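# Geometric and topological summary
One letter stands for each residue in the lines below.
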There are 4 protein chains.
Amino acid sequence: MSRKTEKNARNRIVDTALDLFYRQGYLATGINQIISESQVAKATFYTHFPSKEALCIEYLRARHILWMGWLKESVENEGNSRDKLWAVFGFLKRWMIDSNFRGCAFLNIASEVPSVETEIRNEVKKHKNELQRFLQNIIEEIMGSNASSIGLDVPHIAKMIYVLVEGAIVASQNYNETWPIESAQEAAKILLML
Amino acid sequence: MSRKTEKNARNRIVDTALDLFYRQGYLATGINQIISESQVAKATFYTHFPSKEALCIEYLRARHILWMGWLKESVENEGNSRDKLWAVFGFLKRWMIDSNFRGCAFLNIASEVPSVETEIRNEVKKHKNELQRFLQNIIEEIMGSNASSIGLDVPHIAKMIYVLVEGAIVASQNYNETWPIESAQEAAKILLML
Amino acid sequence: MSRKTEKNARNRIVDTALDLFYRQGYLATGINQIISESQVAKATFYTHFPSKEALCIEYLRARHILWMGWLKESVENEGNSRDKLWAVFGFLKRWMIDSNFRGCAFLNIASEVPSVETEIRNEVKKHKNELQRFLQNIIEEIMGSNASSIGLDVPHIAKMIYVLVEGAIVASQNYNETWPIESAQEAAKILLML
Amino acid sequence: MSRKTEKNARNRIVDTALDLFYRQGYLATGINQIISESQVAKATFYTHFPSKEALCIEYLRARHILWMGWLKESVENEGNSRDKLWAVFGFLKRWMIDSNFRGCAFLNIASEVPSVETEIRNEVKKHKNELQRFLQNIIEEIMGSNASSIGLDVPHIAKMIYVLVEGAIVASQNYNETWPIESAQEAAKILLML
DNA sequence: CATGAATGAGGGTTCATTCAT
DNA sequence: GATGAATGAACCCTCATTCAT
């Protein structure tokens, strides 16, 4: 009894999308491949999802839960708040390697779907908002609630760290190497030593 | 006399690709649209380019020259080396706004083409290498050749700045806002104040 | 109510292939013509056949059944085993005339598809194997199980007759005349009179 | 100095056609491949040949000279007229093996071009006529001018041998084996032992 | 004599979606 | 809830041929 067939059709479809949309890209993945790998009839697909775009939304939501889960797991055993931040970069490195440097599912979709006013792009923003909140919480733990001596407060620093994280991901994706993540980590270290 | 029709077929095709591949994406843009907007017969396209992918290579090379030109223009009137770096961020803001926050043509293509061992992805790497060199030259001017007091040398800092720039571009693209570029600029200021 | 439209799409496609692939040739017949004469949408074709080559396989199998049916019909009313063989040549003549001397569907395809290790060429071989078996059975009936006085046994003679039949078909096809079939029949008569 | 480039354009084109039309087939070989392998510009091709079909005619004529040359060479050292006939079958075997069992260039073209009233098909017939004449001459040498005891004269027997040769070629082509040529030879032996 | 650019028509194939059952 | 058949539009690419130079 395979892992896929013991689930219902809808779950199999989403699981397949999680794999194919991420690895091959959204546009490069056809409905035919999805239904074929999901072992689902074509019409069955359309009883569960009104369109390919609807599946994409579902994909992004599932991916969000998955990835944020990985992220949170990676810090939950760290007592020290600074260690949490370093754990984030450690996670990024492991994740990029494990995913064959495919990069961020959400930024990738944003590249494929230029139109901003779409539900897809909205999901991307929601994901990045939560990533920012997550990072800001850690920064807040590190810095305390008081602003730094040179006038930089938590939200400012958090945004810089967030930008570093994004740059680390896309640069690592481009080069198939992890040094950008290490550079970002070093930069974060400096920025927080204020 | 339109700007396009006074050129020859090949140039019209590349110009159209510069527009469409960037705005709509590589996969979302069909050969049919390209030849129709280039006012060129289908077979004419294929006398100039062996495949859509070959045009993509040409597109990336033309885009590289174009964008690096913009980048270099933006700093050439700055005498001070620090001002050059701030001019870079100024350029990024203007560019993102003017391009409707479509982001980096090269990173977008890298998202659409997951396979690393392709000529396309190679062009992306080459572009980013030159961007890194450009930034490193400015950092070198700023820092001088001597390493910073806390042991960070030019290449290290340059990589951090590069990662910040990448993060600024993709985050700005995602949010359709310029604050990530400003955050990156602030972070760069701190990193270079060592 | 036309003969074609009362059947389902798949049958209409195969029927059309039976006609066009045979009359015009495999390469000279495009998918567009097939779907147009089958009254079928292009995508419908590809729900039934993964490729043009797959239809070709189907065509060869259908043609095999058809042609072997004609061949067997032509001898089934002959009591005498020698008469059966002469009936074969009689059939060849009628068939070549009725088919406008287009010749053997299988040999024609073999001429169009040089690569031997293809499923298409394999179907050709299978057809010719069965034709050989059919002829050998008749030869066996004629000669009995005992070898001829000059040492030629059934399989040897059967192969000669088979080669004669092939030569009769292609020579008749080339000249648009039936005399090669008559020459082959005469030769067979001599070979079996041993 | 390669063998091809020392010749003029026209010869290079015909040489390329001799190779490609034979190996790949007429329809499967495009003008582009021919001009590319001939190292000739497209327009140069059309200054020498009004159409692809015209090149095909030229190809068939060149092939005719080539193949008949091989055939005649194979018998010219045989003193005995019977040995000449056996030499023909010996040649067929060597030729089929050397040509990778691609078979008769003329019959192959006849399969690809069903329309009988074409110059192409006419060239095929002319070639086969000469092959028949060649065989008949040998048969005549063997049998003398007097008819056989059972009333078969030279033209009759020659046609049978011709049909056997055709069958030997196409059957050998189909199976990628030489036994049909040997079967034809054995049959010829019997037919001539009258 | 030779040429690269240009062409309309068509090649085989896949797209996301809808339908009747 | 699930299905296979059917679809029009579009996919990338190649065909044999002609043209201006």
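Everything quoted here is computed from the prediction, not taken from an experiment.

Turning to the overall build of chain A, a few remarks are in order. Across its full length, chain A carries nine helices and zero strands. C-alpha extents for chain A along the principal axes are approximately 60 × 40 × 30 Å. Sorting the 194 residues of chain A into buried and exposed places 37% on the buried side. In chain A, the proportion of contacts linking residues at least 24 apart, taken out of those at least 6 apart, comes to 60%.

The local shell around DNA strand F holds 34 residues, among which A43(A), G30(B), N32(B), A43(C) and G30(D) are the closest. Listing elements by their share of the surface near DNA strand F, those giving two or more residues are helix 3 (42-48) of chain A, helix 2 (31-38) and helix 3 (42-48) of chain B, helix 1 (9-24) and helix 3 (42-48) of chain C together with helix 2 (31-38) and helix 3 (42-48) of chain D. By residue class, the composition of the surface near DNA strand F is 14 nonpolar, 13 polar and seven charged.

On to the interface of chain C and chain D. Contact with chain C, which involves 40 residues of that partner, is made by 40 residues of chain D. For the side of chain C that touches chain D, the secondary structure elements donating two or more residues are helix 1, helix 6 (105-112), helix 7 (119-143), helix 8 (154-175) and helix 9 (179-192) of chain C. Counting residues per element, the side of chain C that touches chain D draws most heavily on helix 8 of chain C, which supplies 15 residues. Split by residue class, the side of chain C that touches chain D holds 22 nonpolar, ten polar and eight charged.

Glancing now at the arrangement of the chains. Note that chain A does not reach chain D: the shortest distance linking a C-alpha of one to a C-alpha of the other is 31 Å. With no contact formed, the shortest span from any C-alpha in chain B to any C-alpha in chain D equals 11 Å.

Of the residues in chain A, 93% have a pLDDT of 70 or more, and the chain-wide mean is 92. Across residues 1-5 of chain A the pLDDT falls below 50, and counting only partners more than four positions away or on other chains, this stretch makes five contacts in the model.

A few words on helix 7 (residues 119-143) of chain B. Between its terminal C-alpha atoms helix 7 of chain B stretches 36 Å, which fits the 36 Å expected from 25 residues at 1.5 Å a residue. Buried within helix 7 of chain B are the following residues: I120(B), E123(B), V124(B), H127(B), K128(B), L131(B), Q132(B), L135(B), I138(B) and I139(B). Residues of helix 7 of chain B that are buried in the fold lie against helix 8 (154-175) of chain A together with helix 4 (52-75), helix 5 (81-98), helix 6 (105-112) and helix 8 (154-175) of chain B. A positive backbone phi angle near 70 degrees is found at G144(B), which sits one or two residues after helix 7 of chain B.

Residues and elements named next belong to chain B. Two elements in contact, helix 8 and helix 9 (residues 179-192), have axes whose closest approach is 8 Å; the angle formed by their N-to-C orientations is 165 degrees. Between helix 8 and helix 9, the crossing angle belongs to the class labelled roughly antiparallel. Seen along the crossing, helix 8 lies across helix 9 with a hand that is right-handed. Judged by residue contacts, I157, M160, I161, L164, V165, G167, A168, A171, S172 and Y175 of helix 8 engage P180, I181, A184, A187, A188, L191 and L192 from helix 9. Class assignment of the residues belonging to the contact of helix 8 with helix 9 gives a composition of 15 nonpolar, two polar and no charged.

What counts, and at which threshold
- Residues numbered from 1 in each chain as written.
- Chains lettered and ligands numbered in written order.
- Predicted model: local features only at pLDDT ≥ 70, side-chain atom pairs only at ≥ 80, totals over all residues.
- Helix = DSSP H or I, 4+ residues; strand = E, 2+ residues; numbered from the N terminus.
- Buried ≥ 20, exposed ≤ 12 C-beta atoms within 10 Å, placed from the backbone.
- Contact = placed C-beta atoms within 7 Å.
- Near = placed C-beta within 6 Å.
- Nonpolar A, V, L, I, M, F, W, Y, C, P; charged D, E, K, R; others polar.
- pLDDT = per-residue confidence, 0-100.
- Expected span 1.5 Å × (residues − 1).
- Axes fitted to C-alpha atoms, helices over the stretch in contact; angles between N-to-C directions.
- Parallel < 35°, antiparallel > 145°, perpendicular 65-115°, else oblique.
- Left-handed = near helix turned anticlockwise from the far one by under 90°.

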